[in-house]
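# What the coordinates show
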Amino acid sequence: MSISNIHNFLQAHSIKGFLCHEEGTALYQYAKLAASVGPVLEIGSYCGKSSVYLGTACKEADGVLYSVDHHRGSEEHQYGEEYHDEALYDAANQCMNSFPEFRKTLMLAGLEQSVVPMVTASETLVKHWSGILGMVFVDGGHSPEMSMADCVSWAEHIAVGGFLAIHDIFESPENGGQGPYLGMKAVLDSGRYQLQDRVMSLAILKRVS
Ligand code: SAH
Ligand code: MG
């Protein structure tokens, strides 16, 4: 599937999400490079928008995408919050549940053989993770604590030459929350990563040592 076909697919099926096409295009391009280095992993599947870009790249490179989300929503998705979507709310159990929508997206996109859903919290998984990854995309909880923990803990598992992509980077507090920016800074301060690319609010870091 070409990048314009991905765009058309997302539009035609009104796939919900928080990612613009330029950012998705960059994810697709870097995942294509990374998929031969090792598996790609994302934190924050939601309804599968970023997963379609990353997963299509993995499919084409004969790789795999692990897509991690507890599907209970971030703080801003909870009932009564700014980004709450009542279509994703499980009223009987009074909780968010984006997993059915996510699975539907994978099915429609023909990605069920290339994307492995992992329905769990990132912090639960990373504690037990042992494999080397080609690329990680961090787009889960956006608080400073969560973003820093995700960036720093998953950065350990990426191969030299692989990529760490971080979404929602805002240098200035007027433009958005500082969590992902602080996470990126912590990883760069380790000296093991260099800034490779920047597309809107998406930063791509490359592991150099
Ligand atoms: N990447 C998506 C948007 C992700 S929104 C897109 O392209 O549209 C953020 C997602 O992170 C939510 O679905 C939320 O459930 C998930 N999330 C928040 N905290 C998490 C955590 N600690 N572990 C796993 N997923 C988490
Ligand atoms: Mg985001």
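Residues numbered from 1 in each chain as written. Chains lettered and ligands numbered in written order. Predicted model: local features only at pLDDT ≥ 70, side-chain atom pairs only at ≥ 80, totals over all residues. Heavy atoms only, no water.

### What to know about the layout of surface pockets
- Its volume calculated, the largest pocket comes out at about 720 Å³.
- At the level of secondary structure, the elements contributing two or more residues to the lining of the largest pocket comprise helix H3 (49–60), helix H5 (122–128) and helix H6 (144–155).
- Partitioned by chemical class, the residues of the lining of the largest pocket number nine nonpolar, 17 polar and 10 charged. (1 Å grid on protein atoms, 1.4 Å probe; cavity = no way out; pocket = protein on both sides within 12 Å on 5 of 7 lines; lining within 4 Å. Points joined across faces, edges and corners; volume = space filled by probe spheres on them. Helix = DSSP H or I, 4+ residues; strand = E, 2+ residues; numbered from the N terminus. Nonpolar A, V, L, I, M, F, W, Y, C, P; charged D, E, K, R; others polar.)

### So, the environment of Glu101
- Note that Glu101 resides in helix H4 (residues 99–108).
- Sequence separation between Glu101 and Tyr46 is 55 residues; the distance between their C-alpha atoms is 8.2 Å.
- Residues in contact with Glu101, not counting those within four places in the same chain, are Cys47 and Leu88. (Contact = heavy atoms within 4.5 Å.)

### Comments concerning the side chain of Ser74
- By the element assignment, Ser74 lies in the loop between strand S2 (65–68) and strand S3 (89–90).
- Setting aside residues no more than four positions away along its own chain, Ser74 makes contact with Gly140 and Gly141.

### Notes on the packing of aromatic side chains
- In this structure the tally under the stated criterion is seven aromatic pairs.
- Consider the rings of Phe18 and Tyr46, whose centres lie 5.0 Å apart with planes at 45°: the pair is tilted. Taken together, the positions of Phe18 in the loop between helix H1 (3–12) and helix H2 (21–34) and Tyr46 in the loop between strand S1 (40–43) and H3 put the pair 28 residues apart, joining distant regions of the chain.
- Judged by relative accessible area, which is 38%, Phe18 ranks as partly exposed.
- With a centroid separation of 5.6 Å and 65° between ring planes, the pair formed by Trp129 and Trp154 is classed as edge-to-face. Residue Trp129 is located in the loop between H5 and strand S6 (133–138), and its partner Trp154 is located in helix H6; the two are separated by 25 residues in the primary sequence.
- For Trp129, a relative accessible area of 16% translates into the label buried.
- We classify Trp154 as buried; its relative accessible area is 0%.
- Linked through ring pairs, Phe18, Tyr46 and Tyr83 together constitute an aromatic cluster. (Phe/Tyr/Trp six-rings, centres within 6.5 Å; stacked < 30°, edge-to-face > 60°. Buried < 20%, exposed > 50% of the residue type's maximum accessible area, 1.4 Å probe, protein only.)

### Focus: the packing of H2 against H3
- Remark: H2 packs on H3, axes separated minimally by 8 Å, with the N-to-C direction vectors making an angle of 25°. By the criterion of interaxial angle, the relationship of H2 to H3 is roughly parallel. Of the two elements, H2 crosses H3, and the hand of that crossing is right-handed. Counted together, His21, Gly24, Thr25, Leu27, Tyr28, Ala31 and Lys32 of H2 and Ser50, Tyr53, Leu54, Thr56, Ala57 and Glu60 of H3 form the full contact between these two elements.
- Residue classes in the contact of H2 with H3 are distributed as six nonpolar, five polar and two charged. (Axes fitted to C-alpha atoms, helices over the stretch in contact; angles between N-to-C directions. Parallel < 35°, antiparallel > 145°, perpendicular 65-115°, else oblique. Left-handed = near helix turned anticlockwise from the far one by under 90°.)

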